[in-house]
Each structure stands twice: as structure tokens, then as C-alpha cells.
Amino acid sequence: MNRRIISAAAVGAFALMLALGGVGGAQADPVPNSPGTPPPGKTAAQIYSTVGADAFAELTNNLTVKFNAQSPAPGHTLASYDAINPVTGAAGENITTKPGCTLARPNGANAGITAITLNQQSTVDPTAYCIDWVRSSRAKGTAAAEAALTFYAQSRDAVSYAVIGNSYAPTTPLTTGQLKDIFECTTTDWSEVGGQAGDIHVYLPPASAATLTFFLQAIGTNLNNVNAGCAGLPTLFNGQQNDGESMNGDPQGILPYAVTKWAAQVNQPPGIQDLRGGAHIGLVNTTTPPTTNATLTGTTYRVLNPAFTTGTSASFGRIFFNTVRNDAPQELKDIFKEGGYLCVHADELLVPFGNTPLGNDTTASRYCGQAS
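Residues numbered from 1 in each chain as written. Predicted model: local features only at pLDDT ≥ 70, side-chain atom pairs only at ≥ 80, totals over all residues. Heavy atoms only, no water.

K.L.:
Before we go on, may I ask you to explain the nonpolar core in this structure?
P.N.:
Nonpolar side chains in soluble globular proteins tend to end up buried together. Residues Leu179, Ile182, Phe183, Trp190, Phe215 and Ile254 are the most contacted members of the largest nonpolar core, which totals 40 residues. Mapped onto this core, the elements with two or more residues apiece are β6 (149-164), α4 (176-183), β7 (201-204), α5 (210-218), α6 (223-230), β9 (253-258), α7 (259-267) and β10 (279-281). Formed by 19 residues, the second largest nonpolar core is a distinct cluster that contains Val51, Cys101, Ala115 and Ile319. (Core = buried A, V, L, I, M, F, W, Y, C linked by side-chain atoms within 4.5 Å. Buried < 20%, exposed > 50% of the residue type's maximum accessible area, 1.4 Å probe, protein only. Helix = DSSP H or I, 4+ residues; strand = E, 2+ residues; numbered from the N terminus.)

Rendered as C-alpha cells:
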């Protein structure tokens, strides 16, 4: 399926997936009622654990549920830990990914990549790494430590901005240049960009969030410039990536937001909380809508509009990756590689969570399971 959201074969694939994956919805952290604890009854060597991006955490939670429910049971249990505590919303607290593995919960892809490169091992089984793969919402970087990692392409996403429904922001598209000036606090009043007169309140996710760093790159700036321009201003606030509620209904606010996460919050598949808080995704450079509809097994979902990632808004499009060590067990690589479990069941695993599948055409510039 190349650049098409739903294939005719999806219906049959979905039925097959249910047979393979069993039943049961996505869950937050391996033990929903006890966040930050490992699957019970499993040794460190029996678990493959993941941390990282918030943008597709629930999607990965659902993947782990379906994968673990296969019959016969797979050789290892997958365990996915959200970017923040899924019950309390706390960030940076200690979690135990496996027996003998305690670490600070990585809040975002950047933090997850840093954590896996530390190569922390279980204190009760030094043959087991504490983190086996990372949900990454950014591509492989040039840092020396990342040369030891393989990034498997999963699906398409885009990052735009969110504002509240009764926002002071204009209803017309903001340009890349206007967004740069807003987030560098050079433009500080909505009337300067065609909106209602009033201060612009900039909400920044944590620096560990790749959604933030990617968005800033897309608008031609970086966190150093933002900090320098906005330092000390009373119109700068802390937000959480992909959480419109962190703006507290502020009509003067603006927050970077992953388009697929917003779409997933509309769809509300198992495990997704609707955290939009009245926020909608804004237009950039063009009136092309960031989302569109896709139908799978008779159900209509909101998904990323691939057209939003081309043309004048192309710089806002990105790819989601599953990242493993180069020497990771083949069993783990087989889940994410070309033709692997995730790619075989891509439509049914991705579409309800707002993601646009990449397709399996290996002659395309991007395809599911493509390694980098």
C-alpha cells in the first residue's frame, strides 16, 4: 500500500490479525494499575522493553498487547512504558522496566534514545539490557552513539501547532516564518499575524520531546533561540507534548502537537485518552487540512492527511521509527523489519491510532520496515 491509507486487503488482514493477536485493548504501561512496573512472573531475560516518544505510545501499547496474545506465545514478552505516568501524569519518575532495571522514565524520543545508548543492564541478570527498543519520533542522528542503533521506519506523521477552539489565532494559515517569530517571541501579539489583539502564550513541551525539537526545526529555529528570545517573559508556559489540556483552555495559547496523536485522540481506540482539551490542529502555509478520513472494516477514522506532508508544508512531515541496537536479537528485529509482524498488520495496527501506513513497496522512497 503505497501512499494509500486503506487497501482492499485490509479487511482480510484485520480478521487475520485478530486471530493471531487475540482480544484485549491497549493498555498504559505493562501493569495498568501499577505504572512503571514490569510484567509479573517474567524474568529480565524474558522481556523486551521500550520507552521514548509520547506521540505513538498508545499505538505501541496496543502492538504489545496483540503481539503478546499470539498463540503459540512468542518467545519474549513486549513491555511498553509511556512517556509520562499514565495515571498521575508525573514526568521523570523512576520506573522498573524489568527485574533489576530501575531508571528515570524517559519523556520523549530524545530521552529514550539517550537512555538506550547508556546500555544499562539488569542487576539481577547482566545479560539483559534494561531497554531493548525505543519509540522514536525522529530520524537517526549523527551522534557517534547512534551509529550503534538501527531505525526501522514505521509510519507517517506530521507536527503542527494546536490552538483552542475560541483562539485569538487567525483562522487563516500561519506561515513558517510567522511560527518562527511566535516561538522565538519576536511576535508577541496575535494581531500581528492577523488574529485578535492579545498576548501570544507560548506553551513549550519538555526539551526531551522530539515533537518539540522537530517542530522547531521545521519552522527554522531551535531550542537555544527560543530560550534566548523568550527568557523571562510572562507569556512562556510549560506544556506537555500532544496534550491540549496542558494549555488549560487558554484561548491565547499555542502548543506544538503531533497530528497523528491528535487524530488518535479523536478516534479514541483502546488506551487513548482524549487530551485535546478543545484544541484543534492549525494550518501551515496552505489550507490543506492536516487530517483526513480513512475507513477500515466499516469504521471511519481520522488519520494524517499525506497531502499535508508535501508541498509548502512538507517540512512538517516526519516518520515514526522503532529503534533497536544493531546487535539486537533477531526475534526483536523481526517485529519491526520489512515484512515483519508490524508491517504485515500495518493497517489495523496504525490507522485507528491516526497513523498513515508507509506501505510495503520497497522501491518507494519510504516503506514499512526500512532500516537506517
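Next comes the rest of the account.
K.L.:
Would you explain the state of the cysteines in this entry?
P.N.:
Here, disulfide denotes a covalent bond that connects the sulfur atoms of two cysteines. Tallied over the entire structure, the rule returns 3 disulfides. Here Cys185 connects covalently by a disulfide to Cys230, the sulfurs 2.0 Å from one another. Across the disulfide from Cys185 to Cys230, rotation about the S-S bond amounts to roughly 105 degrees, and the bridge is consequently right-handed. Taken together, the residues span a long stretch of sequence, with Cys185 in the loop between α4 and β7 and Cys230 in helix α6 at a distance of 45 residues. Judged by relative accessible area, which is 12%, Cys185 ranks as buried. Sequence-ordered numbering of the bonded cysteines in the protein chain gives a disulfide pattern of 1-2, 3-4, 5-6. (Disulfide = S-S within 2.5 Å.)

K.L.:
Help me understand the packing of aromatic side chains in this model?
P.N.:
On inspection of all chains with the given rule, the structure shows 7 aromatic pairs. The interplanar angle of 70 degrees and the centroid separation of 5.0 Å between the aromatic rings of Phe183 and Phe215 together place this pair among those described as edge-to-face. Of this pair, Phe183 sits in helix α4 while Phe215 sits in helix α5, and the two are 32 residues apart along the sequence. With respect to burial, Phe183 and Phe215 carry one shared label: buried. (Phe/Tyr/Trp six-rings, centres within 6.5 Å; stacked < 30°, edge-to-face > 60°.)

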